[in-house]
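So the chains spell out like this:
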Amino acid sequence: MTKDLPVIIVGGGPVGLAAAAELHEKGEAFVVLEAGMGPGTNFLNYGHVRLFSPWKYNMNNAARRLLTKYKVALPDPEKLPLGKDIVTEYLLPLTELPEMKPNIYFGTRVVHISRKGFDKMKSKGRKEAPFHIITENADGERKVLESGTVIDATGTWERPNSLIPGGDLLTEKRMNRIFYGIPNNKHAESSVYINSNTAVVGSGHSAMQSLLELLEVQQSHPETTISWIHRKPGTLEALGGGEQDQLPARGKLGRLIKSAWESGKIQVFESFYIESVNEKKDQLTLSGIQNNVPAETEPFDYIICNTGSRSSFEFLGELRWDRDAALECVPALAPLIDPNVHSCGTVRPHGEKELRQPEENVYIIGAKSYGRAPTFLLATGYEQARSVAAYIAGDKAEAAEVHLELPETGVCSAEPASRSPLTIAVSGGCCS
C-alpha cells in the first residue's frame, strides 16, 4: 500500500528540511534526498552575502520547535544572517537531530521519478501505484526507492539564466570573463575586479548586491569602473520601495545603489535588451536594442550575470506535472506572483490546494514553485511545507487554513516609475 511508504522529499535546503520537520511533527515517515554533500549547499555559494530578511523569516516553526526540544541555541530573530549562517546556525544543527539524521541522504541525486509500472500515458490503476525513484550517488551508483508521495523542493539556484534571453548558457560559460552569482570581495585587495571595467547585468536584488561588492573595490581603487545593464524602462523601477519597504535592509539596498548611480559611481544602461555577446582581445561587448534602437556597449573586462534562474524538470519527465507557460511556476500561483501584473512583496496566502499537480500526491514547493518569478521568500516556502504536510497527514482543515504575512516591498509596478524620490507609497497593501 502506498500509504505505508515514506514521503520522499527531493532537496535538502531550507524548504525541503522544513517539510521534513513538519512531517515528523505530524507522525509521517519521510526521506530527504539531497544532491549536495550537506544541507543548503546552494546557500554556501552566497555565504558571504547578508540577507535582507531577519532570522524570524528564515526559520520554519516546526524546525524551531524541534531544535528547542534539544536546547539548541537559536539566533536572534531580528538579526540579519549571512548566507552561510543559514547553513551553520540552522540547517546543520537541524540535520544532526535524531529525528532527522537517519532519514536524510546527502550526495544522492534524483535522476528519475515515475509511477511503478506506468509511463506517463497509462491511466488505469495509476494512482494506486507507488512512485519509483531512481537515485545516483557521487560514484555513479544507482538505487531505487519507492514512495507514496513526492515533494520536489529542489529550488532553482543551480540553473542561472543566460545573458541573452533563451541564449546558449554553455557557450557563455566558456567565456571565462562572464561570471554568475554574487562576487565575494571580502578581501578587496585581492579582487579580480581591481581597476577593471565591469558590467553587472540584471535588475533584481542579486544584481544590486553585486554592484555593492564592486563599489567596495572601487572605494579603494578609484580606477575601477562599474556599469549596470538592465531591461527596466526606468532605473527607479528596479530600486524598490526605499524607506517604504517593510524589510529595512532591502529598502536600504536600493537607496545605496540609487546614491551611487546619482553620484556617477555607476553608469547605467536601462531598457537594454541583449541580443549577442562578442569576445575580442580579452574583452566583452554586448549588442542589442536600447529604447527600440540598435545599440552596443563599450568593451568590458568582465560581466557579472545576475539575470535570475530557472528550474530543472528533467527527473519529473514521466509524471503528470504542469507549469505556467510564461513563469514556469505552479500554474495556480501565476496570477499571484506574475511580475507583469505586480511586483509587491505581498502574495495571497496559498498552500496545498494551489500546489497540487495533475499527478496525485506530487507537490512542487519552495522557490521552484515560483519558477522564474523573482519575489520568493523562505517564509512562503515554510507555509507551503506546513500546509502540504498537514494534508498528507490527513488534516484537511489545517491544510486549508493558510496564513502568510510577508513584508511588503513598498513599491507597486502598477504605478509609473519616474525620477522622483524613492518613497513610493502603496495603497491597499498590494497592487491588483
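Residues numbered from 1 in each chain as written. Predicted model: local features only at pLDDT ≥ 70, side-chain atom pairs only at ≥ 80, totals over all residues. Heavy atoms only, no water.

All right, on to the overall build of the chain then. Looking only at helices and strands, the chain features 12 helices and 16 strands. Whereas a compact globule of 432 residues would reach a radius of gyration of roughly 22 Å, the chain reaches 22 Å, a difference of no more than 12%. The principal-axis extents of the C-alpha atoms in the chain amount to approximately 65 × 40 × 40 Å. Burial status across the chain gives 52% buried among its 432 residues. Considering only residue pairs separated by 6 or more positions, the chain has 68% of its internal contacts joining residues 24 or more positions apart. About 20100 Å² of surface is accessible on the chain, with carbon and sulfur atoms providing 50% of the total. Charged side chains in the chain number 46 positive and 53 negative. The centres of these two groups are separated by 3 Å. (Helix = DSSP H or I, 4+ residues; strand = E, 2+ residues; numbered from the N terminus. Rg over C-alpha atoms; globule rule 2.2 N^0.38 Å. Buried < 20%, exposed > 50% of the residue type's maximum accessible area, 1.4 Å probe, protein only. Contact = heavy atoms within 4.5 Å. Areas by Shrake-Rupley, 256 points an atom, 1.4 Å probe, with all protein chains shown as cover. Lys, Arg positive; Asp, Glu negative; His and termini not counted. Charge placed at Lys NZ, Arg CZ, Asp CG, Glu CD.)

Here we take up the packing of helix α1 (residues 14-25) against helix α11 (residues 378-392). As a packed pair, α1 and α11 sit with axes 8 Å apart at the nearest point and diverge in direction by 35°. The interaxial crossing formed by α1 with α11 has right-handed handedness. Each of Pro14, Val15, Ala18, Ala19, Glu22 and Leu23 in α1 lies in contact with α11, whose residues at this interface are Leu378, Gly381, Tyr382, Ala385, Arg386, Ala389 and Ile392. Among the residues forming the contact of α1 with α11, the class breakdown is 10 nonpolar, 1 polar and 2 charged. (Axes fitted to C-alpha atoms, helices over the stretch in contact; angles between N-to-C directions. Left-handed = near helix turned anticlockwise from the far one by under 90°. Nonpolar A, V, L, I, M, F, W, Y, C, P; charged D, E, K, R; others polar.)

With that out of the way, let us pick up the domain arrangement of the chain. Size of an interface: often given as the accessible area lost when the parts come together. Here the domain parsing of the chain yields domain 1 (7-158 + 309-400) and domain 2 (169-305). In this assembly, domain 1 packs against domain 2 so that about 880 Å² is buried in total across both faces, 69% of it on carbon and sulfur atoms. Summed over the three residues of domain 1 that lose the most area to domain 2, namely Tyr46, His48 and Phe52, the buried surface amounts to 63% of that side. Put simply, domain 1 and domain 2 have 0 salt bridges between them. Our count for the contact surface shared by domain 1 and domain 2 stands at 2 residue pairs in polar contact (both at pLDDT 80 or more). Per-class residue counts for the side of domain 1 that touches domain 2 are 7 nonpolar, 2 polar and 1 charged. (Domains from an automatic or database assignment. Buried area = accessible area lost by both parts, 1.4 Å probe. Salt bridge = Lys/Arg side-chain N within 4 Å of Asp/Glu carboxyl O. Polar contact = N/O pair within 3.5 Å; in protein donor to acceptor, adjacent residues only side chain to side chain.)

What follows covers the nonpolar core. Tyr90, Ile113 and Ile365 are the most contacted members of the largest nonpolar core, which has 70 residues in total. Among residues more than four places away in sequence, those in contact with Ile113 are Val10, Phe131, His132, Ile133, Val150, Phe315, Leu316, Glu318 and Leu319. Leu236, Ala238, Leu239 and Leu253 belong to the second largest nonpolar core, which has 19 residues in total. (Core = buried A, V, L, I, M, F, W, Y, C linked by side-chain atoms within 4.5 Å.)

As a further point, take the side chain of Glu22. Looking at the secondary structure, you find Glu22 in helix α1. In this structure Glu22 comes out as buried when scored by relative accessible area, which is 3%. A distance of 3.1 Å separates a polar atom in the side chain of Glu22 from a polar atom in the side chain of Asn60. The residues contacting Glu22, other than those within four sequence positions of it, are Asn60, Ala62, Ala385, Arg386 and Ala389.

A word on the environment of Gly381. For Gly381, the location among the structural elements is in helix α11. Owing to a relative accessible area of 0%, Gly381 belongs among the buried residues under this scheme. The sequence separation of Gly381 and Lys368 amounts to 13 residues, and the corresponding C-alpha distance is 9.6 Å. Excluding residues within four positions of it along the chain, Gly381 makes contact with Val15, Gly366 and Phe376.

What follows covers the packing of aromatic side chains. Per the stated rule, a full pass over the model turns up 8 aromatic pairs. Relative to Tyr302, the ring of Phe179 has its centre 5.8 Å away and its plane inclined at 35°; by these criteria the two rings are tilted. Placement of the pair is Phe179 in strand β8 (residues 178-180) and Tyr302 in strand β15 (residues 302-305), with a sequence separation of 123 residues. You can call Tyr302 buried: its relative accessible area is 12%. Aromatic rings pair up to connect Phe179, Tyr193 and Tyr302 into one cluster. (Phe/Tyr/Trp six-rings, centres within 6.5 Å; stacked < 30°, edge-to-face > 60°.)

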